[in-house]
Amino acid sequence: MNLILLGAPGAGKGTQAEVICKKLNIPAVSTGNIIREALKSGTEMGKKAKAYMEAGELVPDEVVIGIVKDRLAESDCQNGFVLDGFPRTIPQAEALDEMGVRIDKVLEIHVPDEKIVTRMSGRRVCGSCGASYHLQYNPPKVEGKCDNCGGALVQRTDDHPDTVKARLKEYHEKTEPLKSYYEKQGKLVVVEGQEEVADTTRLTLAAIEA
Ligand code: ADP
Ligand code: ZN
């Protein structure tokens, strides 16, 4: 199954992507994680993306489209994948169509803006593997440590409230139009994000099995 996860920053796309990947045994392709990796290792692409990311703005289409194209060509993506954080603009969605990538379903994890800002303040990510946690809604088993790999949990610099507002603005302007884009293709399924991760997970699994 080839899936896309849509949703505002902090809606829980990453967490739901992991759930789906385990269930269907397919990889998650997270453009945010790929860009953060490139930033850490100081590649050319990372250098290009840095300023945009830190300002809460979208990285230019041609940069992310190239990343996704290369990633989807790898062998582990041939039996399905979950795109987490891509496409985020209409040109990105069109590029995907032009690549001949067939999409089965688009899940929108829907969370209202007023809940996003408070959610984000509690978000922590693993500095090593990128897994995401929430101090209140999805705490790690051991405080400050990743359940998967034992890495230290940190707050992303772009999770600070001012940057979150910029990211929400980008989301409404550039990403939300994708809902009608995929609705027209008959692929959009809306999952209402719940306070408890386990409740959202149940809805997500029901949506992919339907
Ligand atoms: P979130 O969904 O919580 O905003 P991500 O990790 O998906 O977090 O993305 C973080 C940042 O990475 C974005 O704010 C943006 O700068 C960049 N980014 C990730 N995916 C894309 C994309 N498809 N197009 C443009 N920029 C992207
Ligand atoms: Zn980890």
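Scroll up a little and you will see the structure.
Basis of the calculations
Residues numbered from 1 in each chain as written. Chains lettered and ligands numbered in written order. Predicted model: local features only at pLDDT ≥ 70, side-chain atom pairs only at ≥ 80, totals over all residues. Heavy atoms only, no water. Salt bridge = Lys/Arg side-chain N within 4 Å of Asp/Glu carboxyl O. Helix = DSSP H or I, 4+ residues; strand = E, 2+ residues; numbered from the N terminus. Buried < 20%, exposed > 50% of the residue type's maximum accessible area, 1.4 Å probe, protein only. Donors = N, O, S within 2.8 Å, 3.2 Å for Na, K, Ca; no water. Tetrahedral: all angles 85-135°; square planar, octahedral: opposite > 155°, others 65-115°. Pairing = 2+ DSSP bridges. Phe/Tyr/Trp six-rings, centres within 6.5 Å; stacked < 30°, edge-to-face > 60°. Axes fitted to C-alpha atoms, helices over the stretch in contact; angles between N-to-C directions. Contact = heavy atoms within 4.5 Å. Nonpolar A, V, L, I, M, F, W, Y, C, P; charged D, E, K, R; others polar. Core = buried A, V, L, I, M, F, W, Y, C linked by side-chain atoms within 4.5 Å. Left-handed = near helix turned anticlockwise from the far one by under 90°.

Chemist: Teacher, can you tell me more about the pattern of salt bridges here?
Modeler: Side chains that carry opposite charge are capable of pairing whenever their charged atoms lie near each other. Per the counting criterion, the structure on display carries 17 salt bridges. Note that Glu 209 and Lys 23 form a salt bridge whose closest N and O atoms lie 3.5 Å from each other. Here Lys 23 lies in helix α1 (residues 13-24) and Glu 209 lies in helix α9 (residues 197-209), a separation of 186 residues in the sequence. By relative accessible area, Glu 209 is classed as exposed at 54%. Its relative accessible area of 47% is what places Lys 23 among the partly exposed residues. Connected through shared salt-bridge partners, Arg 123, Arg 156, Asp 158, Asp 159 and Arg 167 make up one network.

Chemist: Any chance you could explain the coordination of the zinc ion (ligand 2) here in plain terms?
Modeler: Coordination angles at a metal have ideal targets, namely 109.5 degrees for four tetrahedral donors and 90 or 180 degrees for six octahedral donors. Around the zinc ion (ligand 2), the protein supplies Cys 126 (SG), Cys 129 (SG), Cys 146 (SG) and Cys 149 (SG) as donor atoms, at distances of 2.3 to 2.4 Å. Each of the four donor atoms around the zinc ion (ligand 2) contributes to a set of angles spanning 97 to 117°, which defines the coordination as tetrahedral. Each donor residue of the zinc ion (ligand 2) lies on one chain, and together they are spaced C-x2-C-x16-C-x2-C. Highlighted residues: Cys 126 in strand β5 (residues 123-126) and Cys 146 in the loop between β6 (132-134) and β7 (153-154), separated in sequence by 20 residues.

Chemist: How should I be thinking about the sheet that holds β7 in this particular structure?
Modeler: One key point about sheets: their strands pair by backbone hydrogen bonds, in either a parallel or an antiparallel sense. Pairing within the open sheet is antiparallel, and its three strands lie in the order β6-β5-β7. In this open sheet, the two strands that pair with only one neighbour each are β6 and β7. Strand direction decides the pairing type here: β5 and β6, joined by three bridges, are antiparallel. Bridging from a neighbouring strand, Arg 123 pairs with His 134 of β6.

Chemist: Just to check I follow, could you spell out the packing of aromatic side chains for this structure?
Modeler: For any two aromatic rings, the description comes down to two numbers: the centre-to-centre distance and the angle of the planes. Scanning the entire structure with this criterion turns up one aromatic pair. Relative to Tyr 182, the ring of Tyr 181 has its centre 5.0 Å away and its plane inclined at 80°; by these criteria the two rings are edge-to-face. According to the relative accessible area criterion, Tyr 181 is buried, its value standing at 16%.

Chemist: Before we go on, may I ask you to explain the packing of helix α7 (residues 161-175) against helix α8 (residues 177-184) in this structure?
Modeler: For any two helices packed against each other, the geometry is given by the interaxial angle and the distance between the axes. Two numbers describe how α7 lies on α8: the axes approach to 5 Å, and their chain directions differ by 35°. Together, His 172, Glu 173, Lys 174 and Thr 175 of α7 and Pro 177, Leu 178 and Lys 179 of α8 make up the contact between the two elements. Looking at the contact of α7 with α8 residue by residue, the classes come out as two nonpolar, two polar and three charged.

Chemist: What is the right way to read the nonpolar core from this model?
Modeler: One broad trend across soluble globular proteins is that nonpolar side chains are buried collectively. Ile 4, Leu 72, Leu 83, Leu 96 and Tyr 182 are the most contacted members of the largest nonpolar core, which has 27 residues in total. Looking at this core element by element, the count peaks at six residues for helix α4 (residues 61-72). Residues within four places of Leu 83 in sequence aside, it is in contact with Leu 3, Ile 4, Leu 5, Val 29, Val 68, Leu 72 and Leu 96. If you look at the next biggest cluster of nonpolar residues, it comprises 21 residues, including Leu 3, Ala 8, Ile 116 and Ala 207.

Chemist: How do you make sense of the packing of helix α6 (residues 113-121) against α7 when you look at a structure like this?
Modeler: Across the interface, α6 lies against α7 with an axial gap of 10 Å and an inter-helix angle of 140°. Considering how the two elements wind past one another, α6 and α7 form a crossing that is right-handed. Residues Asp 113, Ile 116, Val 117 and Met 120 of α6 form the contact with α7, whose participating residues are Val 164, Arg 167, Leu 168 and His 172. Class assignment for the residues of the contact of α6 with α7 results in five nonpolar, one polar and two charged.

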